[in-house]
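# Summary of the model geometry
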Amino acid sequence: MNSNGISRRSLIGFGALFGTSALLSTVRAKADTGVLRERIIRTWYSAWELKDWSIPDRLLADNFTFSSPFDDHISKQAFHDRCWPQAAHIKHFDLESVAASGDSNAFVKYVCHTTKGTSFHNIEYFRFAGDRIAAIECYFGDGSGFPTASESGKS
């Protein structure tokens, strides 16, 4: 026992309990972050189905960039002008996998179903800054990875 009447074993047990508690708090915080990221991602895709630009406008960081085989880190405004018109051709998304990687990254694998009855697969990488989407990189499946290409019979 030390001079306070507490044994070393009790101190070690307290330290282990405190360390475990801190670890669980960190795990919970990361889990909460993952849940938030997934909610943001699901909201992102629902905006395309709803054809409501006000939703992505709030979700995207002011310095957002988008990259794809046809776009190299284009701005939020350029994304709106070049890519958002594709929303008119989207019926719905089936998100097959949403996988968070660390605190600020996620990958999404999806099937997009078009208004003309065609579909295509893509994978997108999301990078977050706080609770906003800072960047998206889109990796097209077979070259028909956007609605109008899929609908034109290239799939």
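Structure: see above.
For the structure given in this document, a descriptive report is provided here. The written sequence of each chain sets the order in which its residues are numbered from 1. Whole-chain, interface and lining totals are the exception, using all residues; otherwise, since this is a predicted model, local features are given only for residues with pLDDT of at least 70 and side-chain atom pairs are given and counted only at 80 or more. Hydrogens and waters are ignored; side-chain quantities use all the structure's heavy atoms.

## Considering the pairing of strand S5 (residues 119-129)
Across a regular strand the side chains alternate sides, sitting on one face of the sheet and then on the other. As a reminder of what qualifies: The pairing criterion is simple: DSSP has to find at least two bridges between the two strands. Put simply, DSSP marks the helices as runs of H or I at least four residues long and the strands as runs of E at least two long, and each gets a number from the N terminus on.
Examined bridge by bridge, strand S4 (residues 105-114) and S5 share nine bridges and lie antiparallel to one another. Its bridge partner lying in S5, cysteine 112 is registered against phenylalanine 120. Here S4 hands over to S5 after four residues, with glycine 117 in that stretch at a positive phi of 90°. Of the strand pairs in this sheet, S5 and strand S6 (residues 132-140) are connected by eight bridges, and their pairing is antiparallel. Counted as the bridge partner of alanine 129 is arginine 132 from S6.

## Observations regarding the pattern of salt bridges
To keep things clear, this is the line we draw: The term salt bridge refers to a side-chain nitrogen of Lys or Arg lying within 4 Å of a carboxyl oxygen of Asp or Glu. Any residue under 20% of the maximum accessible area for its type is buried, any over 50% is exposed, and the rest in between are partly exposed; the area is computed with a 1.4 Å probe on protein chains only.
With the rule as written, the count across this model stands at five salt bridges. Of the charged contacts, one joins aspartate 71 and arginine 82 as a salt bridge, the two residues approaching to 2.8 Å between their closest N and O atoms. Placement of aspartate 71 in strand S2 (residues 71-75) and of arginine 82 in helix H3 (residues 76-82) is noted, with a sequence separation of eleven residues between them. Across the salt bridge formed by lysine 109 and glutamate 96, the nearest N and O atoms sit 2.9 Å from each other. Highlighted residues: lysine 109 in strand S4 and glutamate 96 in strand S3 (residues 90-101), separated in sequence by 13 residues. On the accessibility criterion, lysine 109 (37% relative accessible area) is partly exposed.

## Some thoughts on the sheet that holds S2
This is how the line gets drawn: Here an axis means a line fitted to C-alpha atoms, over the contact stretch when the element is a helix, while the angle between two N-to-C directions is reported on a 0 to 180 degree scale.
Pairing in this open sheet of six strands is mixed, and the strands run S2-S1-S6-S5-S4-S3 from one edge to the other. At either end of the open sheet lies a strand with only one pairing partner, and these are S2 and S3. Across this sheet, the average inter-strand angle for adjacent strands is 20°, counted without regard to direction.

Just geometry here; none of it tells us what the structure is for.
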